[in-house]
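Descriptive structure summary
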Amino acid sequence: MKVIHILDELKFSGAEIMYVDAAPIFQQLGCDLSVISTNNKLGTFAPFFKKAGYQVYHKPYPNSIIRRIRYIYNLIVFLKKNQYQVVHIHHKMWAMALCAWMAGCRSVYTYHSVFFSRTISYRYHRFLRWSTKNIFHCKFQSISDSVYEHEKKYYKNETIKVYNWYNNHRFYPAQGEEKNMARTELNIAKEALVLVSIGGCSQIKRHWEIINSLTKIIEKYPNTIYLHLGEGSVLPDEQNLVKSLQLSHIVRFCGNQVNVRKYLVAADIYIMTSKVEGISLTTIEAMACNVPAVLYDVPGLRDFNKETECAQLVEENHNQLAEKIIRLYEDKNRQKTLTDHARDLINSKFDMKSNATEIFNLYQGS
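One structure accompanies this document, and this report is about it. (Residues numbered from 1 in each chain as written. Predicted model: local features only at pLDDT ≥ 70, side-chain atom pairs only at ≥ 80, totals over all residues. Heavy atoms only, no water.)

1. Quick word on the overall build of the protein chain
When you go through the protein chain residue by residue, the secondary structure sums to 15 helices and 13 strands. C-alpha atoms of the protein chain, sized along the principal axes, occupy 60 × 45 × 35 Å. Counting every position in the protein chain, which comprises 366 residues, the buried fraction comes to 54%. Counting every atom, the protein chain has about 16,800 Å² of accessible surface; 50% of that belongs to carbon and sulfur. Here the protein chain carries 46 positive and 34 negative side-chain charges, and the mean point of each set is 9 Å from the other. (Helix = DSSP H or I, 4+ residues; strand = E, 2+ residues; numbered from the N terminus. Buried < 20%, exposed > 50% of the residue type's maximum accessible area, 1.4 Å probe, protein only. Areas by Shrake-Rupley, 256 points an atom, 1.4 Å probe, with all protein chains shown as cover. Lys, Arg positive; Asp, Glu negative; His and termini not counted. Charge placed at Lys NZ, Arg CZ, Asp CG, Glu CD.)

2. So, the nonpolar core
Membership of the largest hydrophobic core comes to 129 residues, with the highest contact counts inside it found for Phe-26, Leu-79, Leu-227, Leu-264, Tyr-270 and Tyr-363. Top contributing element to this core by residue count: helix α5 (residues 93-102), with seven residues. Look past the residues within four positions of Tyr-363 in its chain and what remains in contact with it is Met-1, Val-3, His-5, Tyr-19, Phe-26, Cys-31, Val-86, His-88, Arg-106 and Val-108. (Core = buried A, V, L, I, M, F, W, Y, C linked by side-chain atoms within 4.5 Å. Contact = heavy atoms within 4.5 Å.)

3. Quick notes on the packing of aromatic side chains
In this structure the tally under the stated criterion is 25 aromatic pairs. Ring plane angle 75° and centroid distance 5.5 Å describe the contact between Phe-12 and Phe-48, whose orientation is recorded as edge-to-face. Of this pair, Phe-12 sits in the loop between β1 (2-7) and α1 (14-21) while Phe-48 sits in helix α3 (residues 46-51), and the two are 36 residues apart along the sequence. Note on Phe-12: relative accessible area 25%, which makes it partly exposed. Plain terms: the ring middles of Tyr-57 and Phe-78 are 4.9 Å apart, the flat faces sit at 80° to each other, and that makes the pair edge-to-face. In this pair, Tyr-57 sits in strand β3 (residues 55-58) while Phe-78 sits in helix α4 (residues 65-81), placing the two residues 21 residues apart along the sequence. One residue, Arg-129, lies across the ring of Tyr-155, its end atom 3.6 Å from the ring centre. For Lys-332, the ring lying beneath its charged end belongs to Tyr-329, and the centroid distance is 4.5 Å. (Phe/Tyr/Trp six-rings, centres within 6.5 Å; stacked < 30°, edge-to-face > 60°. Lys NZ or Arg CZ within 6 Å of the ring centre and 35° of its normal.)

4. Considering the environment of Lys-2
Here Lys-2 shows up in strand β1. Overall, Lys-2 belongs to the partly exposed group, its relative accessible area being 23%. Distance in space between the C-alpha atoms of Lys-2 and His-112 is 23 Å, their sequence separation being 110 residues. Those residues in contact with Lys-2 that lie beyond four places of it in its chain are Asp-32, Asn-82, Gln-83, Tyr-84, Gln-85 and Val-86. In terms of polar contacts, Lys-2 uses its side chain to reach the backbone carbonyl oxygen of Asn-82, at 2.7 Å. (Polar contact = N/O pair within 3.5 Å; in protein donor to acceptor, adjacent residues only side chain to side chain.)

5. Topic: the sheet that holds strand β4 (residues 86-89)
With respect to topology, seven strands assemble into an open sheet ordered β3-β2-β1-β4-β5-β6-β7, the strand pairing being parallel. Looking at which strands have only one partner, the edges of the open sheet turn out to be β3 and β7 (160-161). Inspection of the sheet shows β1 paired to β4 by four bridges, in the parallel sense. Counterpart to Ile-4 in the pairing with β4 is Val-87. (Pairing = 2+ DSSP bridges.)

6. Things to note about unusual backbone geometry
Among all residues save glycine, negative phi is the norm, and among peptide bonds the norm is trans. Its identity as a non-glycine residue notwithstanding, Lys-92 has a phi of 60°, on the positive side. Structurally, the position occupied by Lys-92 is in the loop between β4 and α5. At Asn-290, a residue that is not glycine, the phi angle is positive and equals roughly 65°. Looking at the secondary structure, you find Asn-290 in the loop between α12 (281-288) and β12 (293-296).

7. A look at empty space enclosed by the protein
Tallied over the entire structure, the rule returns two cavities of 30 Å³ or more. The volume enclosed by the largest cavity comes to roughly 50 Å³. Lining the largest cavity are Ser-144, Asp-145, Tyr-163, Ile-279, Asp-303, Phe-304, Lys-349 and Phe-350. Considering only residue class, the lining of the largest cavity consists of four nonpolar, one polar and three charged. Computed from the structure, the second largest cavity encloses a volume of approximately 40 Å³. What lines the second largest cavity is Ser-197, Ile-198, Lys-205, His-207, Ile-210, Ile-271, Met-272, Thr-273 and Ser-274. Where the lining of the second largest cavity is concerned, the elements lending two or more residues are β8 (194-198), α9 (207-220) and β11 (269-272). Per-class residue counts for the lining of the second largest cavity are four nonpolar, four polar and one charged. (1 Å grid on protein atoms, 1.4 Å probe; cavity = no way out; pocket = protein on both sides within 12 Å on 5 of 7 lines; lining within 4 Å. Points joined across faces, edges and corners; volume = space filled by probe spheres on them. Nonpolar A, V, L, I, M, F, W, Y, C, P; charged D, E, K, R; others polar.)

8. Quick word on the pairing of strand β10 (residues 251-255)
Bridge count between strand β9 (residues 225-229) and β10: four bridges; the pairing is parallel. Bridge pairing in β10 places Tyr-226 opposite Val-251.

Functional significance is not addressed by these values, which are geometric in nature.
Written out as structure tokens, the structure is:
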């Protein structure tokens, strides 16, 4: 079965990481894998796709209507010529579903987050969903309870729920003295309070909430270290905020890292302050490493506490965030309760082989 993914820029992000990690499973199930980047930039994650066995194509989606018509025609020809059977769409839903339909391919579109429309565009977005499903026969998949429920209630759009997954060969708890070894490698004192966040620097992720919380945390724990993993458009603003608050000595901007687990293993607490999520892959990975999580109480993050308490949820306020981090750090029994529950949750709900196989079943039309 020839499957091609349609993505924006290929970067260190949830969908890209998941489908690279799961490539061996899809290949064992008989998939020949390809991916298209529709962004003007191919993306720094492209080599990981190639290493995983994907055929990588760079086809930037144009801005002008005339060029888009030509683009759609050429993509239909491309899909037919290469005899793709399934187009898995993560970006440009309607146009790519049209191309798949015209080329005689089955298609799947994945909703990766919770999206809201402006009042003036709400009916238009509902029409796009209706036509993509009913005219182009595209299957809709949602990645979490929050995304599934939002699409159903807000857009009256029924989707098929298949949860995200994580790679348990890359993310697992620290063994023996591994935590101390990781801190030594990163030049962090054993007694330090180490906080970590992972994710692109954007208005959605709101890393400035973590940075602002540090001013209160270091009043009690001056040996705090904040490991900031990720890059993005607002990174310079975050760096300027750190300088203005005179926190440069405790904040480490680590960029994108291949060995994310090393930073998780070195940490005491994982933090995510997003405005909204689909479901956070990096939170799942932190939980897999037995790192207690402090999360803002928003769609896609509160999912982790839907069945049992697996994370410390906090209202969207950096002062409250600081207080909850301090309390959790000082309560080892609560940390263990949260991490035990979290491990049970991710192993039952976010298993890579099981969930990737469910996606494969969607490809088959079942």
